[in-house]
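One letter stands for each residue in the lines below.
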Amino acid sequence: MLRYTVRRLLQLLGVVLVLSMLLFGWLRLLPGGPVSALLGERATEESRRQLTAQLGLDQPIFVQYGKFLGRALSGDFGSSTGVQPGDAALEVFLQRFPATLELSFFAIVLAVLFGIPLGYLAARRRGTWLDNLGVVGSLVGVAVPVFFLAFLLKYVFAVELGWLPASGRQTGGIDATRVTGFFVLDGLLTREWDAAWDALQHLVLPAMALATIPFAVVFRITRAAVLDVLDEDYVRTAESKGLTTPVIRRRHVLRNAMLPVVTTIGLQTGALLAGAVLTEKVFAFPGLGEALAIGFERRDYPVLQLLIIVAAMVYVLVNLVVDLSYAVIDPRVRVR
Amino acid sequence: MALLEVTDLTVVFQRRGEAPFTAVDGVSFAVEEGQTVGLVGESGCGKSVTSLAIMGLLPRRGVRVSGSVRFEGAELLTESPRQMRDRRGRDLGMVFQDPLSSLNPVVSIGIQVTEVLERHRGMSRSKAMRVAAELLDQVGIPDPRRRLDEYPHQLSGGMRQRALIAMALACQPRLLIADEPTTALDVTIQAQILALLSQLVRDTGTALIMITHDLGVVAGLCDEVNVLYAGRVVERAARHELFARPRHPYTHGLLSSIPRLDAPRGERLVPIRGAVTDNIPWTQGCAFAPRCPNVLEKCLDVTPEMEEDDGRLLRCHNPVRQEVPA
């Protein structure tokens with residue numbers, strides 16, 4: 001198991017290296033660039049040349065990449081040019097990472113908390129109105145674009161009804177103490193209940209928007225897996241022993257049905273940043289997704305490079321965790 | 001009073017948009033305390049459905065069960081799902097065909113044995129584990145304590161079936177139903193499992209319904225044999241009677257198609273011609289008629305009734321007269 005983990009982590013290094021090269025070139029192939037983004041259309045040729053030289057963009061791309069790699073190894077990923085101009089890219093990342101982590105955590109919790117029980121229920125009540133509603137609903141959930149849903153939620157619950165805040169992570173007037181950068185957790189740790197409650201309210205709508213696709217996918221996979229397992233001989237054996245429904249459900253149905261669901265949750269967690277870009281933009285939620293969106297608009301190479309590499313690392317790591325968790329759930333994997 | 005009395009049991013599968021299918025068609029038989037009764041027939045004759053109906057394990061939707069199943073005088077077909085749940089594992093035990101797929105792959109053997117003890121005997125986990133080890137020992141699994149922590153894939157096929165038998169017998173049910181318990185096993189293991197079953201029913205006084213397509217299994221085990229064809233019992237006799245003088249042409253055909261070591265060299269096996277799909281409906285005549293060597297014109301028009309004949313029950317217009325060549 002340890003050897004396996006180490007090997008996978010070494011693979012991760014390779015992935016990051018190759019990705020950083022591709023990414024470096026690809027970003028510079030995008031039309032426009034930081035210079036046009038910063039100076040606008042009507043800048044003089046002279047000032048353009050000056051800024052290009054200042055940013056080091058006048059050098060050959062291989063030299064640029066070599067310098068980037070050298071600095072990156074010592075933890076310097078360059079300075080932001082567009083998202084938070086002047087700040088170190090790493091600083092931008094560190095400031096915003098807790099926000100996205102907090103948002104993703106709530107979104108995944110929502111998706112799992114609703115997706116698994118409803119998926120189980122739909123399978124048990126196969127063919128009833130509840131099942132049909134779930135299947136159609138989850139199809140809509142997968143199909144509706146995240147940004148559209150985010151706008152809809154914001155419009156209805158924040159703008160029209162005014163039940164929940166429309167943007168940000170915390171209401172301006174609240175003077176909250178920062179400990180971890182996770183606002184809800186900070187509020188609980190410092191016993192600033194109002195701050196925690198306020199941060200939680202800010203999370204509800206973005207988390208719902210972000211949770212839609214993972215929820216729909218988890219629901220569908222759970223339903224399909226439970227349907228498969230219900231047909232298995234060992235469930236009939238469990239029934240023939242007269243076991244109670246909760247024991248059959250937990251030990252014999254869900255424990256087996258969870259294998260594909262865990263993989264799905266992993267994949268969805270890895271892919272969450274894609275949804276976060278749109279969701280955070282709509283709700284002006286100051287996380288990595290918003291930084292990515294702004295970064296692309298303003299061609300902020302240093303920030304984009306760092307964030308996309310981190311996203312890839314998270315994706316690979318989450319999948320590693322999923323593979324390792326298999327060994328915990330399935331004894332057949334453990335022994336081999 | 002018999003331990004189990006099945007009277008006119010009928011199971012009809014009704015799927016939306018399809019013609020109803022009668023899998024079990026008025027089957028009646030009884031099992032006495034401690035007796036071993038065989039239900040024999042080829043695939044699709046309704047023997048497994050009969051056992052699932054007795055256990056209350058048929059799906060509730062799309063299935064119509066009628067007739068009567070009395071266990072110690074109580075009517076099982078009208079009992080609530082909860083009452084049946086209480087009975088299963090406690091009064092009625094069941095062993096299935098494929099021991100690998102019948103065991104939960106991600107739950108240890110120990111838990112799968114103890115859960116039935118916890119459920120019906122109200123034992124604590126640690127007490128149940130001690131009992132489970134004894135049970136595994138009883139069914140001939142060596143080193144039972146170590147096996148308790150193992151998972152199904154770590155056991156051999158025979159061991160798995162032994163573990164399933166241990167689970168089914170854990171609460172000492174009055175009736176055990178074994179549905180083709182040896183079909184998925186190697187021949188040598190088959191013999192071991194049959195010997196184990198016959199020893200266990202002798203020791204515990206449990207009645208056994210043995211469901212099989214294999215007359216060899218019946219020969220070694222059963223007191224009484226019911227031969228099923230197309231959802232109906234066509235012949236019922238004591239074991240020795242049946243093997244010595246099969247009367248129904250179908251039973252006769254089954255016996256003739258078994259290879260024998262003492263048969264003259266070069267003698268060909270006699271298969272039953274045709275296939276189950278050739279059947280005519282029982283309402284029209286004898287379902288076996290299209291495949292029957294003894295068929296009369298009457299067989300295609302008049303449904304034969306179960307009749308007492310020569311100390312056995314027989315459903316045939318023109319039964320076999322001669323004895324099976326020994």
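Residues numbered from 1 in each chain as written. Chains lettered and ligands numbered in written order. Predicted model: local features only at pLDDT ≥ 70, side-chain atom pairs only at ≥ 80, totals over all residues.

Chain B carries the name Dipeptide/oligopeptide/nickel ABC transporter ATP-binding protein in an unreviewed UniProt entry, which gives Longimycelium tulufanense as its organism. For the record of chain B, the UniProt heading Subcellular location (unreviewed entry) holds the text "Cell membrane". (UniProt positions renumbered as here; feature names shortened; annotations may be inferred.)

The name an unreviewed UniProt entry gives chain A is Peptide ABC transporter permease, with Longimycelium tulufanense as the organism. Quoted verbatim from the Subcellular location (unreviewed entry) field of the UniProt record, the comment on chain A reads "Cell membrane". Turning to chain A, the UniProt annotation filed under Sequence similarities (unreviewed entry) states: "Belongs to the binding-protein-dependent transport system permease family."

Trainee: Even after reading the chapter, I still don't get the UniProt feature "domain: ABC transmembrane type-1" (unreviewed entry) in chain A, so can you show me in this structure?
Mentor: Those places that UniProt annotates as "domain: ABC transmembrane type-1" (unreviewed entry) correspond, in this numbering, to residues 97–326 of chain A. Its end C-alpha atoms 28 Å apart, residues 97–326 of chain A is made of 80% helix and 0% strand. (Helix = DSSP H or I, 4+ residues; strand = E, 2+ residues; numbered from the N terminus.)

Trainee: Got a minute to help me understand helix α12 (residues 272–282) of chain A in this structure?
Mentor: An α-helical turn contains 3.6 residues, so a residue and the one three or four places further along point in the same direction. Residue and element names in this part refer to chain A. With nine of 11 residues buried, α12 lies mostly within the body of the structure. Looking at α12, one finds that the buried residues are Leu272, Leu273, Gly275, Ala276, Val277, Leu278, Thr279, Glu280 and Val282. Against α5 (89–124), α7 (146–160), α9 (193–230), α11 (245–270), α13 (288–297) and α14 (301–329) lie the buried residues of α12. Downstream of α12 by one or two residues, Ala284 has phi in the positive range, about 45 degrees. (Buried ≥ 20, exposed ≤ 12 C-beta atoms within 10 Å, placed from the backbone. Contact = placed C-beta atoms within 7 Å.)

Trainee: Mind showing me how you'd approach the interface of chain A and chain B here?
Mentor: One frequently used descriptor of interface size is the decrease in accessible area upon assembly of the parts. Counting residues at the interface gives 21 residues for chain A and 26 residues for chain B. When contributions to the side of chain A that touches chain B are tallied by element, the ones reaching two or more residues are α10 (233–240), α11 and α15 (331–335) of chain A. Top element by residues in the side of chain A that touches chain B is α10(A). It accounts for six residues.

Trainee: When you look at the domain arrangement of chain A in this model, what are you seeing that I'm missing?
Mentor: Residues and elements named next belong to chain A. According to the domain assignment, chain A contains domain 1 (2–73) and domain 2 (96–162 + 210–335). Taken over C-alpha atoms, the centre of domain 1 sits 33 Å from the centre of domain 2. Taken together, the contact between domain 1 and domain 2 spans 15 residues of the former and 13 residues of the latter. Within the residue set of the side of domain 1 that touches domain 2, elements represented by two or more residues are α1 (2–29) and α2 (34–39). In terms of residue class, the side of domain 1 that touches domain 2 is built from 10 nonpolar, four polar and one charged. (Domains from an automatic or database assignment. Nonpolar A, V, L, I, M, F, W, Y, C, P; charged D, E, K, R; others polar.)

Trainee: Looking at this model, I keep getting lost on unusual backbone geometry. Mind explaining?
Mentor: Residue and element names in this part refer to chain B. Although it is not a glycine, Asp143 sits at a positive phi angle of roughly 55 degrees. Turning to its location among the elements, Asp143 is positioned in the loop between α4 (125–138) and α5 (144–148). For Asp143, a count of 11 C-beta atoms within 10 Å corresponds to the exposed category. Positive phi values are uncommon outside glycine, yet Gln172 reaches one of about 50 degrees. On the neighbour-count criterion, Gln172 (14 C-beta atoms within 10 Å) is partly exposed.

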